[in-house]
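Examination of the molecular architecture
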Amino acid sequence: MSEGDDAPMPPIERLRLLLDAQQAKLGVHIRKMNSPGSPVYRYGENIWPAGTILVTSFAGTALIHFYVGAAILAVGCWWWLAKVQPRIRDGVFDRTSLWALQSEDHFDALWAKGVLSLSAELPDGRKFAAGRRDDWRAFVRLVSRETAPTEDAA
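To start, this report covers the structure provided alongside it.

1. Considerations on the overall build of the chain
Within the chain, the regular secondary structure consists of six helices and three strands. Secondary structure of the chain in N-to-C order comes out as α-β-α-α-α-α-β-β-α. Dimensions along the principal axes, computed over C-alpha positions, put the chain at roughly 75 × 30 × 30 Å. Split into buried and exposed, the 154 residues of the chain put 29% on the buried side. Expressed as a percentage of contacts within the chain between residues at least 6 apart in sequence, the contacts between residues at least 24 apart total 56%. When the accessible area of the chain is evaluated, it comes to approximately 10400 Å², of which 59% is carbon and sulfur surface.

Next comes the structure, spelled out in structure tokens:
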């Protein structure tokens, strides 16, 4: 036995190990976390691109013609949906994951709000998921126990 076997591992550490080993997956409610008041919300990444599209469209309409403004708005909407929104979604997921996994208090707070979920597919094909009404610590214990290497396999 190693020295670490004497003390039980905290659930958040065990969860980090499961996520790093890709034995469990973390889900984040992006809309809830990408809104004002969230600890990971960034005003600039949400307001400036949309504002730029609208101002440019209005300027094209006022200075040139309605169709130019409409074309600018259409291209701007495509750019927002194809380029900006996926980058924002990935950034919110990454920031939320880092913030939640900093401490059990952070994870508990987001879990209680229904922002986080966990899922895992075990080696034998069974699938498990845990959401707001479930105990995430019990989920981590279950997946850890089920995915732990057995000693008879050696």
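From this point on, the discussion continues.
2. Focus: the packing of aromatic side chains
Here the structure, examined in full by the defined rule, presents four aromatic pairs. Geometrically, the ring pair formed by Tyr41 and Tyr43 is edge-to-face, given 4.8 Å between the ring centres and 80 degrees between the ring planes. Their ring planes at 65 degrees and their centres at 5.6 Å tell us that Phe66 and Tyr67 sit as a pair that is edge-to-face. Judged by its relative accessible area of 53%, Phe66 falls in the exposed class.

3. Some thoughts on the environment of Met9
For Met9, the position within the fold is in the segment before α1 (11-20). Looking at Met9, the relative accessible area reads 39%, which means it is partly exposed. Those residues in contact with Met9 that lie beyond four places of it in its chain are Arg14 and Leu17.

4. Quick notes on the nonpolar core
Counting residues in each nonpolar core, the largest one holds 29 residues, and the members touching the most others are Leu15, Phe107, Leu116, Leu118 and Trp136. Those elements giving two or more residues to this core turn out to be α1, β1 (25-28), α4 (66-100), α5 (104-112), β2 (116-121) and α6 (136-147). Sort the elements by how many residues they give to this core and α4 lands first, with five residues. If near-sequence neighbours (up to four positions away) are discounted, Leu15 is found in contact with Leu101, Phe107, Leu118, Trp136 and Val140.

5. Observations concerning unusual backbone geometry
With a phi close to 60 degrees, Gln22 is a non-glycine residue in the positive phi region. Its place among the elements puts Gln22 in the loop between α1 and β1. Owing to a relative accessible area of 69%, Gln22 belongs among the exposed residues under this scheme.

6. So, α5
Phe107, Leu110 and Trp111 are the residues of α5 that are buried. Looking down the long axis of α5, one finds its buried residues gathered within 105 degrees of arc, a one-sided arrangement. Of the residues flanking the end of α5, it is Gly114, one or two places downstream, whose phi is positive at about 80 degrees.

7. Remarks on a nonpolar patch on the surface
A cluster of nonpolar side chains, Leu54, Phe58 and Leu73, forms an exposed patch at the surface whose accessible area comes to about 280 Å². Assignment of secondary structure puts Leu73 in helix α4. With relative accessibility at 32%, the residue Leu73 sits in the partly exposed group.

8. Here we look at the side chain of Ser97
With respect to the helices and strands, the residue Ser97 is situated in helix α4. In this structure Ser97 comes out as buried when scored by relative accessible area, which is 11%. A distance of 2.8 Å separates the side chain of Ser97 from the backbone oxygen of Phe93, its partner in a polar contact. In this structure Ser97 touches Leu26 and Val28, once residues within four positions along its chain are discounted.

9. Quick word on the pairing of β1
Taking every second residue as pointing to the same face, the buried face of β1 carries Leu26 and Val28, while none of Lys25 and Gly27 on the other face is buried. Examined bridge by bridge, β1 and β2 share four bridges and lie antiparallel to one another. If you follow Leu26 over to β2, its bridge partner there is Leu118.

The rules behind these values
- Residues numbered from 1 in each chain as written.
- Predicted model: local features only at pLDDT ≥ 70, side-chain atom pairs only at ≥ 80, totals over all residues.
- Heavy atoms only, no water.
- Helix = DSSP H or I, 4+ residues; strand = E, 2+ residues; numbered from the N terminus.
- Buried < 20%, exposed > 50% of the residue type's maximum accessible area, 1.4 Å probe, protein only.
- Contact = heavy atoms within 4.5 Å.
- Areas by Shrake-Rupley, 256 points an atom, 1.4 Å probe, with all protein chains shown as cover.
- Phe/Tyr/Trp six-rings, centres within 6.5 Å; stacked < 30°, edge-to-face > 60°.
- Core = buried A, V, L, I, M, F, W, Y, C linked by side-chain atoms within 4.5 Å.
- Arc of directions from axis to C-beta.
- Patch = residues over 30% accessible without salt bridge, like charges linked within 9 Å, V, L, I, M, F, W, Y side chains within 5 Å.
- Salt bridge = Lys/Arg side-chain N within 4 Å of Asp/Glu carboxyl O.
- Polar contact = N/O pair within 3.5 Å; in protein donor to acceptor, adjacent residues only side chain to side chain.
- Pairing = 2+ DSSP bridges.

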